[in-house]
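Survey of secondary and tertiary structure
Residues per chain, in single letters:
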Amino acid sequence: MTSAEASNGPIHVLFLGNEAAGSRQHVHPLMRELGRDAIWFEYTDDAKTVTPERLAMFDAVIEDGASAPELETKPLVKVDFTGDGAAWNAPEFIQGVREKVIAAVGEDRRKDWEAFLAQREPEVREPHPQVANYEKRPKPLTFQHPFSVKGSIERTQVPADMKLKVFAQEPDIMKPIAFAWDERGRLWVAETRDYPHGYNPDGIGNDDIKICEDTDGDGVADKFTVFADHLNIPTSFTFANGGIIVAQPPRFLFLKSSKGDDHADIREEIFTGWGIGDTHGQAGNLHYGYDNWLYGSVGYDGFEGLVRGKKEKFTMGTYRFRPDGSALQFLHQFTNNTWAQSANQYGDQFGGTANGAPIFYGGIPATISPSGMRVMTAKKINLEDKIHTITPNFRQVDVFGGYTAACGSSFIYSKNLPPRLQGKAMVCEPTMKVITLQDVQPDGAGYVAKDGFNLVASTDEWMSPVFAEVGPDGAVWFADWQNFIIQHNPTPSLARGGFKGETGPGGAHKNDLRDHSRGRIYRVVWDQAKPVKPSLANASTAELVNALGNDTQDWRLTAQRLLVEGKKTDAAGALKKLVTANDGNIAAVHALWTLHGLNLLDDATEKAALSAKDSGLRRDAVRALGSDAKASALFFGAGVIGDPDLHTRLAALVKLAEFPTTPEIKTVVKGIAVDPAVKADEWLSQASRILARVHKVEVFKEGPNLLPNPGFEKIAEDGLPEGWTRRDYGRKPGNANAEWAAVSGEGKVHSGEHAVRVITRADADTSLHADVTVKPNTDYKLSGWVKAHGIHGKVSINDNIGRAETDKITRESDWVEVETVFNSGQKTTASINLLHVAKGDGYWDDVKLVEVTTADTETLLAGDSKRGEQVFYKHQVACILCHSLHGQGSTVGPPLDGIATRATPAYIKESLLEPNKVLAKGYEYLGTSPMPPMGIVLKPQELADVQAFLQTLK
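Numbers given for residues are sequential positions, taken from 1 along each chain in its written order. Predicted model: local features are reported for residues with pLDDT of at least 70 only, side-chain atom pairs are reported and counted for 80 or more only, and whole-chain, interface and lining totals are derived from all residues. Excluding hydrogens and water, the side-chain figures rest on all heavy atoms present in the structure.

The protein chain appears in an unreviewed UniProt entry as Membrane-bound dehydrogenase domain protein from Chthoniobacter flavus Ellin428.

For the purposes of this entry, the term helix denotes a DSSP run of H or I that reaches at least four residues, the term strand denotes a run of E that reaches at least two, and both are numbered from the N terminus. Within the protein chain one finds 22 helices and 41 strands. Relative to the 2.2 N^0.38 estimate, which gives 30 Å for 954 residues, the radius of gyration of the protein chain is 30 Å and therefore close to what a compact globule would have. Relative accessible area decides the class of each residue, using a 1.4 Å probe on protein chains only: under 20% of the type maximum gives buried, over 50% gives exposed, and in between gives partly exposed. Within the protein chain, the fraction of its 954 residues that count as buried is 60%. Contacts spanning at least 24 positions in sequence make up 66% of the contacts within the protein chain whose residues lie at least 6 apart. Computed with the Shrake-Rupley method and a 1.4 Å probe, the accessible areas treat only the protein chains shown as cover for residues. Just so you have it, the protein chain exposes about 37,100 Å², and 51% of that area is on carbon and sulfur atoms. Taking the 104 positively charged and 124 negatively charged side chains of the protein chain as two groups, their mean positions are separated by 2 Å. We take the radius of gyration over the C-alpha atoms and set the globule estimate at 2.2 Å times the residue count to the 0.38 power. Between two residues, a contact is recorded if the distance between any of their heavy atoms is within 4.5 Å. We treat Lys and Arg as the positive residues and Asp and Glu as the negative residues; His and chain ends play no part in the count. All charge positions are set by atom: Lys at NZ, Arg at CZ, Asp at CG, Glu at CD.

Attention now moves to the pattern of salt bridges. Here a salt bridge means any side-chain nitrogen of Lys or Arg lying within 4 Å of a carboxyl oxygen belonging to Asp or Glu. One pass over the full model with this rule turns up 59 salt bridges. Between R523 and D473 there is a salt bridge, with its nearest N and O atoms 3.0 Å apart. Here the residue R523 occupies a position in strand β32 (residues 520-526), and D473 occupies one in the loop between β30 (465-470) and β31 (476-480), the gap between them amounting to 50 residues. Measuring nitrogen to oxygen at the nearest pair gives 2.5 Å for the salt bridge that ties R693 to E817. Placement of the pair is R693 in helix α17 (residues 682-694) and E817 in strand β38 (residues 813-823), with a sequence separation of 124 residues. Its relative accessible area of 13% is what places E817 among the buried residues. Linked through salt bridges whose partners overlap, the residues forming this network are D182, R184, R186, E213, K223 and D262.

Working definition of a nonpolar core: buried Ala, Val, Leu, Ile, Met, Phe, Trp, Tyr and Cys residues. They are joined through side-chain atoms within 4.5 Å. Core analysis: the largest hydrophobic core is formed by 124 residues, its most contacted members being F252, W274, Y319, F635 and L656. A total of 7 residues in this core trace back to one element, the largest contributor, which is helix α10 (residues 587-597). Core analysis: the second largest hydrophobic core is formed by 63 residues, V189, F239, A475 and W526 among them.

With that out of the way, let us pick up the UniProt feature "domain: Cytochrome c" (unreviewed entry) in the protein chain. UniProt positions are given in the numbering used here, feature names are shortened, and annotations may be inferred rather than shown by experiment. Under the local residue numbering, the UniProt record ascribes the feature "domain: Cytochrome c" (unreviewed entry) to residues 863-954. When the span residues 863-954 is considered, its composition is 41% helix and 4% strand, and the gap between its end C-alpha atoms is 17 Å.

Below, the discussion takes up the sheet that holds strand β11 (residues 223-231). One requirement defines pairing of two strands: DSSP has to find at least two bridges between them. Strand order in the open sheet formed by 4 strands is β8-β9-β10-β11, and the pairing between neighbours is antiparallel. Each edge of the sheet is formed by a strand with only one pairing partner; in this case those strands are β8 (176-181) and β11. When strand polarity is set aside, the average angle formed by the axes of neighbouring strands in this sheet is 20°. Note: strand β10 (residues 207-213) against β11, 6 bridges, orientation antiparallel. In the sheet register, K210 faces β11, and the bridge partner there is V226. Note on geometry: axes are lines fitted to C-alpha atoms, helical ones only across the stretch in contact, with angles between N-to-C directions running from 0 to 180 degrees.

Between helix α1 (residues 23-34) and helix α4 (residues 91-105), the least distance of the axes is 10 Å, while the angle of their chain directions is 80°. Relative to α4, the element α1 is oriented roughly perpendicular. Contacts from P29, L30, E33 and L34 in α1 reach F93, I94, V97 and R98 in α4. By residue class, the composition of the contact of α1 with α4 is 6 nonpolar, no polar and 2 charged. Roughly parallel refers to an angle under 35 degrees, roughly antiparallel to one over 145, roughly perpendicular to one between 65 and 115, and oblique to any angle outside these ranges. Just so you know the grouping, Ala, Val, Leu, Ile, Met, Phe, Trp, Tyr, Cys and Pro go in nonpolar, Asp, Glu, Lys and Arg go in charged, and all remaining residues, Gly too, go in polar.

Let us look at the side chain of T552. Tracing the chain through its elements places T552 in the loop between α7 (541-547) and α8 (553-565). Judged by its relative accessible area of 1%, T552 is buried. We call two N or O atoms a polar contact when they sit within 3.5 Å, provided that within protein one can donate a hydrogen and the other can accept it, with sequence-adjacent residues counted only if both atoms are side-chain atoms. A polar contact is formed between the side chain of T552 and the side chain of N550, at a distance of 2.8 Å. Non-local contacts of T552, meaning those with residues more than four positions away in its chain, are made with Y413, S414, V470, G471, P472 and G474.

Where helix α20 (residues 905-913) meets helix α22 (residues 940-950), the axes come as close as 11 Å, and the angle between the chain directions of the two elements is 135°. As the angle between them shows, α20 and α22 are arranged oblique. Considering only the axes of α20 and α22, their crossing is right-handed. Side by side, α20 and α22 meet where I908, K909, L912 and L913 of the first sit next to L943, V946, Q947 and L950 of the second. When the residues that make up the contact of α20 with α22 are grouped by side-chain class, the tally is 6 nonpolar, 1 polar and 1 charged. When the near helix sits turned anticlockwise from the far one by under a right angle, the crossing is termed left-handed; a clockwise turn instead gives a right-handed crossing.

Turning our attention to helix α15 (residues 663-673). Of the residues making up α15, those classed as buried are I665, T667, V668, V669, G671, I672 and A673. For α15, the secondary structure elements touched by its buried residues are α13 (629-636), α14 (646-656), α16 (676-679), α17 and α21 (934-937).

Relative to the helices and strands, T225 is located in strand β11. Separated by 424 residues in the primary sequence, T225 and R649 have C-alpha atoms spaced 48 Å apart. With sequence-adjacent residues up to four places away left out, T225 is seen in contact with I209, K210, I211, D262 and H263.

Per the domain assignment, the segments of the protein chain are domain 1 (11-123), domain 2 (157-501 + 514-526), domain 3 (541-659), domain 4 (703-854) and domain 5 (865-951). As annotated, the domain borders come from an automatic or database domain assignment. Between domain 1 and domain 5, the C-alpha centre-to-centre distance is 60 Å.

Let's shift gears to the side chain of D480. Structurally, the position occupied by D480 is in strand β31. A polar contact of 2.9 Å, which involves the side chain of D480, links it to the backbone nitrogen of Q482. Excluding residues within four positions of it along the chain, D480 makes contact with P176, W462, M463, S464, G519, R520 and Y522.

Right, let's talk about the packing of aromatic side chains for a bit. By convention here, two paired aromatic rings are described through the distance between centres and the angle between planes. Classification of ring pairs rests on two measures: the distance between centres of Phe, Tyr or Trp rings, Trp counted by its six-membered ring, which must be within 6.5 Å, and the angle between planes, read as stacked under 30 degrees, edge-to-face over 60 and tilted in between. One pass over the structure, following the stated rule, counts 44 aromatic pairs. An angle of 80° between the planes, with centres 6.1 Å apart, marks the rings of F237 and F239 as edge-to-face. The same class applies to F237 as to F239, namely buried. Of the aromatic side chains, those joined through ring pairs into one cluster are F252, F271, W274, F303, F314, Y319, F321 and F330. When the ring centre of W293 is taken as origin, the NZ or CZ atom of R320, which lies over that ring, is 3.7 Å away. Whether a charge sits over a ring comes down to the Lys NZ or Arg CZ being within 6 Å of the ring centre and within 35 degrees of the ring normal. Above the ring of Y843, the side-chain terminus of K787 is found at 5.3 Å from the ring centroid.

As summarised here, the arrangement of the 5 strands in space is β6-β29-β28-β27-β26, forming an open sheet in which the pairing is antiparallel. Each edge of the sheet is formed by a strand with only one pairing partner; in this case those strands are β6 (156-157) and β26 (407-411).

Within a predicted model, pLDDT stands for the predictor's per-residue confidence, ranging from 0 to 100. Mean pLDDT over the protein chain stands at 94; residues scoring 70 or higher make up 99%. Between residues 1-6, whose pLDDT stays under 50, and residues either more than four places distant or in other chains, the model counts 15 contacts.

Let us look at unusual backbone geometry. What you tend to see is this: most non-glycine residues have negative phi, and most peptide bonds are trans. With an omega dihedral of 10°, the bond running from P249 to P250 counts as a cis peptide bond. Its location among the elements puts P250 in the loop between β13 (243-248) and β14 (251-256). The omega torsion across N489 and P490 is 5°, close enough to zero to call that bond cis. Residue position: P490 is located in the loop between β31 and β32. One non-glycine residue, N285, adopts positive backbone phi at about 55°.

Here you go:
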């Protein structure tokens, strides 16, 4: 059965809202309380996304602070949302809306709905002593017996213009934790019956990788082949080198069928060192990356081991590795147990954590982070922490109503899915029975994720989405873990959970209700989707190149992988043509990386990509550069260092950190640091800080330290550093017993004899502070060295008055330097906190608050045309690299013969400083200037000299 067969069953209500009116909060309780009655709401605040075809699928419309005449062809339900949240959540209010909706749809539709409810598979419930009550309800929820596929689909909402179809189910598959498609379009599934307690040190268990095929084209798998068995909690896998690489901590394995018979007879260990302390904190989420590395995520189990003789150690974030195991690099640091890694259509990195932070953007790789410097490599970007469940019967251990088991962050790109879904990311949340949508939007050099509500939501308490991706057919596929018990830890106690539990192997609490035999794979299919039978088996080189432009990300990457692994050098001409076409085709990005993987990316193609109209291609071209002198010349021959697209500019700053230090690069780093656009953006300013440290550039001159006793060497009678006073905030339980003290001894201080430490045994919000006088409208740098042990929360330094705050330490950390630069505004006092909002131990030493001014302000002489001529022809970013003069040079930019006659001095200066403001006549087709802003790359005197030289060209 599919949801199409029940399309006249559930009542579908379109909720047209207005963000300013608080509409998301208004619809939330309606979704939660009426979902079990099969009254399903879809929210939008953009009426343009409601096409006539989509509108036809709804039974009624609620307008809340918004109206759209084109929607009023449907029955309108009038609802008054005045009052506060308590009023909207009141049972009588919910019941009133229920009655209005039923009345609005009419008698015939009501009868259809009632008949649907009557024919649904009955729900069977009973009390059970091992159903935890972490939420402290008056009575624990009862145990719901599992449904058949039919019963589960009847209780699972997908968008009204989409259908839910089962592809595979128990007993053919069981406990699916991850999946991927091969080049034939066949689904491969990782099954783990051993999870969570059955870990075996030898790696031999009861799990497998299974191939699921639909041989008759009816959309349902009918052939199942075990590719590899006797695995032990395989968390993920990806295709590579004619086989698959499986994440099975502590090992990553390479499995391959040497005979091509779909049965693995090669099993090799790539590397080991992945943590196994807790089976839900392990490595997984493997994917083939745009740069031909393999990517993945790891939770708090982390990695500690040797990779080709090099020691690596990291935890909670994303990483990449070579398919042959020759290299492993940690990339982006997250804040808690990490279960997601993904990339958008241009390869920008994303991921997510289980608890409270379902989607992160990884803007700066840890590979460029200097030792001992605290760097923001990733940031939580979701703006909404609440989940819009369609049942009140959710069971969670914490963050109630939010994300406690978020997994996956895969992006949607498919012509076989509605336009409104394109570019959104999917996050599974099995405790809430949903797949949420994150509306990822650019935000400076970073991103934000707006609330996109749900793609899938269920009232079946066994429905447990744990993995979702767009398949090669263009539909969304997801793995339903099918388990009533999702909660892993903490182990229930009488005080927390309602019964005395026992912790089992793997860190999960033992529970008789855990299932080890059920599982399903579903497809979410648009009602306007066209049939697709994808296969790249035995594809020619031309067919593989053509597939680089496929509308689905997975298929594009599959084609790229096959070209690279197959060493298809005969594709070079076609690939270069795609890159240099400059037509915005997404195939160009994959063609670029395919050339890179084949070692066939030449300077001309790289140069064209660096100056392409498509900002995504430009930033991938930056990432594809090496770090040698040739790469540096290509880099500075383009305009990416001042790219109008801030994501591309961030990629350029990251690349700049990889180049060897030269005097010219030091000049660039200084120019970047004072660029207003860089200072105004948190990602660009973070990258600028890194560049200054990497290339040893003094960006600012620092005044005297304004803080008293900054090294904490003078100790008062109360055991605290002189000049510093304790200050607590709020009524956190850990405040009362927080232990602040000056400490000494090896490992406890950064320098000198003393540091300061606080120990909290519960959540606390406490500080030591010192108040100092500052000048108004003045730039200051606040910094210090910080260390944390056993931390749950954050440790930082901040100005309690101006709210400036340094980088935060949110996990176990040795001494690292944290800092921030801020402007005092109209304030004349700063109240500096050694801030501890956490449970655990925090340490501070060598704190500093100093006034900063731009360093190296040289006396500017009048421009000299002779010196300017040398810059024009000889500098690392010489003008002649892009322009011609007297018939010699480059044709990338306009010829400069007679420029002083054709243009005013003001225009020439503007073109040098802001090359993208007005493109030269005849060069508008470029879209963006290939010239970097000369105010960044040249010293002020060099800039004046170049202007003087250009004035001689009459």
